[in-house]
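Each chain, letter by letter, is given below.
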Amino acid sequence: MIFDHIDHRDVYAGLGSRLHRALEFLRGTDLDALEPGRYTLEGEAIYALVSEYVTKPPGEGRWEAHRRYIDVQFLVRGIERIGFAPVERLTTKSYDADKDMVRLAGDGQFVTLAPGDFMILWPGDAHMPGMAVTSPAPVRKVVVKVAV
């Protein structure tokens, strides 16, 4: 897992061209101007999901991980806590291959994302996105999915 601000994106250029393209998209696009939805950057290899929602109170979050995609989670507006833990420290509940979604149970650590912050989460990184910092509040977030 990597947690950083988009202004430091060049530090991660060596992680591969797809991740570099994802970070450049986040930095070079007016993300406030995009309607919520899916945006294809490179077929199924790289695509972005723009969403707006209200963060969840503690106790309502769910752990997830993916097997085929890296998540680059980027906060555009608002503030959000995201949990993370190595997959092997959690208990696997189920896997939905169509959604590339592993559901897990257990405990992890949390970081707070503010506008401009991003997290890169590999398939071995379980995460619990969308959590409220103090109380539920609206956020705008872009998740870029990068095929492994």
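Higher on the page you've got the structure.
Position numbers for residues start from 1 in each chain and track the written sequence from start to end. Reporting in this predicted model follows two pLDDT cut-offs: at least 70 for local features of residues, and 80 or more for side-chain atom pairs to be given and counted; totals over whole chains, interfaces and linings ignore these cut-offs and use all residues. Based on all heavy atoms of the structure, the side-chain values leave hydrogens and waters out of the count.

Asks: Any chance you could explain the nonpolar core here in plain terms?
Replies: Where a protein is soluble and globular, its nonpolar side chains tend to be buried together. Buried Ala, Val, Leu, Ile, Met, Phe, Trp, Tyr and Cys residues form a nonpolar core when they are joined through side-chain atoms within 4.5 Å. Exposed residues in this analysis have more than 50% of their type's maximum accessible area, buried residues have under 20%, and partly exposed residues fall in between, with area computed by a 1.4 Å probe over protein chains only. If you look at the biggest cluster of nonpolar residues, it comprises 24 residues, and the most contacted ones within it are Phe25, Leu26, Val72, Phe118, Val142 and Val144. Labels follow the DSSP assignment, with helices taken as runs of H or I lasting at least four residues and strands as runs of E lasting at least two, numbered in each case from the N terminus. When contributions to this core are tallied by element, the ones reaching two or more residues are α1 (17-28), β3 (46-54), β5 (69-77), β10 (117-121) and β12 (138-147). Top element by residues in this core is α1. It accounts for 5 residues. Contacts are assigned to residue pairs that have any heavy atoms within 4.5 Å of one another. Setting aside residues up to four positions removed in sequence, valine 142 forms contacts with Phe25, Leu26, Leu31, Ala48, Leu49, Val50, Val72, Gln73, Phe74 and Val76. Membership of the second largest hydrophobic core comes to 9 residues, among which are Leu104, Ala126, Met128 and Met131.

Asks: Can you walk me through the sheet that holds β3 in this structure?
Replies: Hydrogen bonds between backbone atoms are what pair the strands of a sheet, whose relative direction is either parallel or antiparallel. Taken together, 6 strands build an open sheet; the order of strands is β1-β10-β5-β12-β3-β2 and the sheet is antiparallel. Two strands close off the open sheet at either side, each with one partner strand: β1 (2-5) and β2 (37-42). Strand-to-strand twist in this sheet, taken as the mean axis angle between neighbours without regard to direction, amounts to 20 degrees. Relative to β12, β3 is paired through 9 bridges, and the arrangement is antiparallel. Considered in β12, the bridge of serine 51 is made with lysine 141. A pair of strands is labelled paired if DSSP reports no fewer than 2 bridges between them. Convention adopted: a line fitted to C-alpha atoms gives each axis, helices being fitted over their contacting stretch, and angles between N-to-C directions are expressed from 0 to 180 degrees.

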